[in-house]
Amino acid sequence: MKNRLTRLEDIRTLIKNRRIESQEELLVHLQKEGYTVTQATLSRDLVEIGAERIRDEGAGLIYAVPNY
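Bear in mind the structure is a predicted one, so any value in this text is a computation, not a measurement. (Residues numbered from 1 in each chain as written. Predicted model: local features only at pLDDT ≥ 70, side-chain atom pairs only at ≥ 80, totals over all residues. Heavy atoms only, no water.)

Colleague: How would you summarise helix 3 (residues 39-48) if you had to cite specific residues and measurements?
Modeller: Three- or four-residue spacings in an α-helix give side chains the same orientation, since the helix completes a turn every 3.6 residues. Among the residues of helix 3, Thr41, Leu42, Asp45 and Leu46 are the ones counted as buried. Projection of helix 3 onto a plane perpendicular to its axis shows the buried side chains occupying an angular sector of 140 degrees, all on one side. Those residues of helix 3 that are exposed and angled more than 90 degrees off the buried face are Arg44 and Val47. In this structure, the buried side of helix 3 is in contact with helix 1 (4-17), helix 2 (23-32) and strand 2 (61-64). Within two residues after helix 3, Gly50 carries a phi angle of roughly 80 degrees, on the positive side. (Buried < 20%, exposed > 50% of the residue type's maximum accessible area, 1.4 Å probe, protein only. Helix = DSSP H or I, 4+ residues; strand = E, 2+ residues; numbered from the N terminus. Arc of directions from axis to C-beta. Contact = heavy atoms within 4.5 Å.)

See below:
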């Protein structure tokens, strides 16, 4: 089973490499990676890594994380 720190890093990677518009979309990607996570846990994870929704150049909002 993958641990919490690995999950947080995988969330950062998904957000940086994909155009993630919603938590539901992110949950689907995490499930494909083998994670079983609730929406509430994902929401807390996003706060912890500093993820924000920003306006995309195209249209709509996407998730972004700060560069470390």
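Colleague: Break down the side chain of Gln23 for me, citing the residues and quoting the values.
Modeller: Its location among the elements puts Gln23 in helix 2. For Gln23, a relative accessible area of 14% translates into the label buried. Within the structure, the side chain of Gln23 is placed 2.3 Å from the side chain of Gln39, a separation counted as a polar contact. If we ignore the near neighbours within four places in the chain, the residues touching Gln23 are Gln39, Leu42, Ser43, Leu46 and Tyr63. (Polar contact = N/O pair within 3.5 Å; in protein donor to acceptor, adjacent residues only side chain to side chain.)

Colleague: Please set out the packing of aromatic side chains residue by residue, giving values where relevant.
Modeller: Inspection of every chain in the model, using the stated rule, returns zero aromatic pairs. Arg53 extends its terminal NZ or CZ atom over the ring of Tyr63, reaching a point 5.5 Å from the ring centre. (Phe/Tyr/Trp six-rings, centres within 6.5 Å; stacked < 30°, edge-to-face > 60°. Lys NZ or Arg CZ within 6 Å of the ring centre and 35° of its normal.)

Colleague: Got a sec to walk through the pattern of salt bridges? Specific residues and values, please.
Modeller: Within the structure shown, the criterion is met by five salt bridges. The salt bridge involving Arg7 is made with Asp45; its shortest N-O contact spans 2.6 Å. Residue Arg7 is found in helix 1, and its partner Asp45 is found in helix 3; the two are separated by 38 residues along the sequence. The pair formed by Arg7 and Asp45 is uniform in burial state, with each residue classed as buried. With its nearest N and O atoms 2.0 Å apart, the salt bridge here joins Glu21 to Arg19. Judged by relative accessible area, which is 37%, Glu21 ranks as partly exposed. A relative accessible area of 35% places Arg19 in the partly exposed class. One salt-bridge network, held together by shared partners, links Arg19, Glu21 and Asp56. (Salt bridge = Lys/Arg side-chain N within 4 Å of Asp/Glu carboxyl O.)

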